[in-house]
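Listed below, chain by chain, are the residues.
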Amino acid sequence: MDYLPLFARLNHRAVLLVGGGDIALRKARLLLDAGARLTVVAPSLHEELTELLVGHTYVPARFNPEYLHNQMLVVAATDDEEVNAEVAAAADAANIWVNVVDDPARSSFIFPSIIDRSPIMVAVSSGGKAPVLVRMLRERLEALLPKHLGALAELSGEWRNKIKQKLNDITSRRRFWEKAFASPQLATLLETEQHEAAEQWMAQQLDAEDYAGGEIVLVGAGPGDAGLLTLKGLQQIQQAEVVLYDQLVSPEVMNLVRRDAERISVGKKAGAHSVPQHEINELLLSHARAGKRVVRLKGGDPFMFGRGAEELQAARAEGIPYSVVPGITAAAGATAYAGIPLTHRDSAQSAVFITGHCKQDGEEPDWAALAASNQTLVIYMGLIGSPTITERLIAHGRRPETPVALIERGTTVKQRVLRGTLQELPELAKGAQSPSLIVIGEVAALADTLSWFGGDIASGKEHLINLA
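So, a few notes on the structure that sits alongside this text. None of these values were measured; they are calculated from a predicted model.

**Here we look at the packing of helix α5 (residues 149–166) against helix α8 (residues 195–208)**
α8 packs onto α5 with a crossing angle of 20 degrees between their chain directions and a minimal axis gap of 12 Å. Here α5 is positioned roughly parallel relative to α8, judged by the angle of their axes. Judged by the twist between their axes, the crossing of α5 over α8 is right-handed. Residues Leu155, Glu158, Trp159, Lys162, Ile163 and Lys166 of α5 form the contact with α8, whose own contacting residues are Ala198, Glu199, Met202, Ala203, Leu206 and Asp207. Along the lines of polarity and charge, the residues of the contact of α5 with α8 split into seven nonpolar, no polar and five charged.

Below you can see the structure in the form of structure tokens.
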């Protein structure tokens, strides 16, 4: 790090500001807001700065190192580079922290861009390297962070000891605060300054709820790109105490999981089932019985070929509370990133999603229906079964020349799209890695012109291999 972020307590502390113009005025506002006991040294003062300094000290003179005596820190805010350099050198010699405005090289500390929701404070800095970027980030954060955050933090401070006395274990207390901080009702009360009603809400919630019980939440992680994780999914994995995750969940998504959560890999991959389903169910149940908030994190959507229903059935049988956060399934996400629409007015009026393997004692799918023209067929986990899939579809009337695409590691930086025809599918599958999604239908040919992710934006040729 070029700079260590710190929050300085300046209340009633002596701070020296050198300069009396517009630049000094901006810094004086910040320092006075922080409660500093300010001394300003400058031959003359901006009119507004004169008004701000009522109750503080003004020295109408040029800077002299003797003014550094007993100062906690100093800010050089003049438009004279020689004076600023003199201030910086004197401060360094006296071992006092110094900021030279717009001159990071001479500064031992810098002012970040501040988002003020006191007592919540957010500071953003680029170390002086990209001030415009920092300004843009601040604008986004200002829009994202609601104005009532400060009041929420103040309320938290007032209730902290009461909550600690009523809820004697850390898990229950954490859950209470997570619920309070996420409550739209409490937010509205604070935004509209209904403080007495907010106090009543806190009291009611504390008396009404049991915060010690376990629960299970199925969360869809999406097809790979962490940006496709839903906001509610992010909230759940940030609150989880235990996370059971699949191999299809990308490292980028796993990096968003709460840092102190227990992480258990129960990943399944073609030909290598690491944990049987009944053991996954028991892991979920055992942690929930122990009072933990358990997240079952699945690639794509938990109800799309993910056996999520079986896991919820197990939870229901045990009387354990559960909920589901849907995710973007691979058929929607990977095809969009490959430039393949699932439907098209000219060539595909419907889309059908199937899995490439069935239960061992299951019946054959309706190949005649799957082979129908004017529809898109999307096949999950179909690499191993691609020879059978090809044979059955052609036998039931699908043209051998039907365009196909294999989307390998869709939506990630390693995405690759293999293009060819239905009769070439088994050969294409040999060159693909799991996880891959198979798309069969006329829309697959549109990847040649609509591909946009991770290659030539106009044509996407860098990520296309056409074997036709």
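Once you've had a look at it, read on.
**Some thoughts on the side chain of Thr411**
With respect to the secondary-structure elements, Thr411 resides in the loop between β17 (403–408) and β18 (416–421). Note on Thr411: relative accessible area 2%, which makes it buried. For Thr411, the side chain forms a polar contact with the main-chain nitrogen of Asp225, separated by 3.0 Å. Filtering out sequence-adjacent residues up to four positions away, Thr411 remains in contact with Pro223, Gly224, Asp225, Leu228, Gly333, Ala334, Tyr337 and Phe453.

**Considering the sheet that holds strand β8 (residues 215–220)**
What links the strands of a sheet is backbone hydrogen bonding, and the strands pair in either a parallel or an antiparallel sense. The five strands are arranged β10-β9-β13-β8-β14 in an open sheet whose pairing can be described as parallel. Unpaired on one side and paired on the other, β10 (262–265) and β14 (322–325) mark the two borders of the sheet. Pairwise comparison of adjacent strand axes, ignoring direction, gives a mean angle of 20 degrees for this sheet. In the sheet, strand β9 (residues 242–245) pairs with strand β13 (residues 293–298) via four bridges, with the strands oriented parallel. Looking at β13, one finds that Val242 is bridged to Val294. Across the sheet, helix α11 (residues 277–289) is in contact with β8, β9, β10 and β13; its angle to β13 comes to roughly 155 degrees.

**Section: the side chain of Arg296**
Along the polypeptide, Arg296 turns up in strand β13. Within the structure, the side chain of Arg296 is placed 2.8 Å from the side chain of Asp246, a separation counted as a polar contact. Once residues lying within four places of it in the same chain are set aside, the contact partners of Arg296 are Val217, Leu218, Val219, Leu244, Tyr245, Asp246, Val266, Ile280, Leu284 and Glu311.

**A closer look at the nonpolar core**
Of all hydrophobic cores here, the largest spans 19 residues; its most connected members are Leu377, Ile379, Leu393, Leu406 and Ile440. Those elements that provide at least two residues to this core are α14 (367–370), β16 (375–380), α15 (386–395), β17, α16 (425–430) and β19 (436–440). At three residues, α16 tops the list of elements feeding residues into this core. Ignoring anything within four residues of it in the chain, the contact list for Leu377 reads Val352, Ile354, Leu370, Leu393, Ile438, Val439 and Ile440. One finds Leu10, Leu49, Ala77 and Phe109 within the second-largest nonpolar core, a separate group that totals 18 residues.

About the thresholds
- Residues numbered from 1 in each chain as written.
- Predicted model: local features only at pLDDT ≥ 70, side-chain atom pairs only at ≥ 80, totals over all residues.
- Heavy atoms only, no water.
- Axes fitted to C-alpha atoms, helices over the stretch in contact; angles between N-to-C directions.
- Helix = DSSP H or I, 4+ residues; strand = E, 2+ residues; numbered from the N terminus.
- Parallel < 35°, antiparallel > 145°, perpendicular 65-115°, else oblique.
- Left-handed = near helix turned anticlockwise from the far one by under 90°.
- Contact = heavy atoms within 4.5 Å.
- Nonpolar A, V, L, I, M, F, W, Y, C, P; charged D, E, K, R; others polar.
- Buried < 20%, exposed > 50% of the residue type's maximum accessible area, 1.4 Å probe, protein only.
- Polar contact = N/O pair within 3.5 Å; in protein donor to acceptor, adjacent residues only side chain to side chain.
- Pairing = 2+ DSSP bridges.
- Core = buried A, V, L, I, M, F, W, Y, C linked by side-chain atoms within 4.5 Å.

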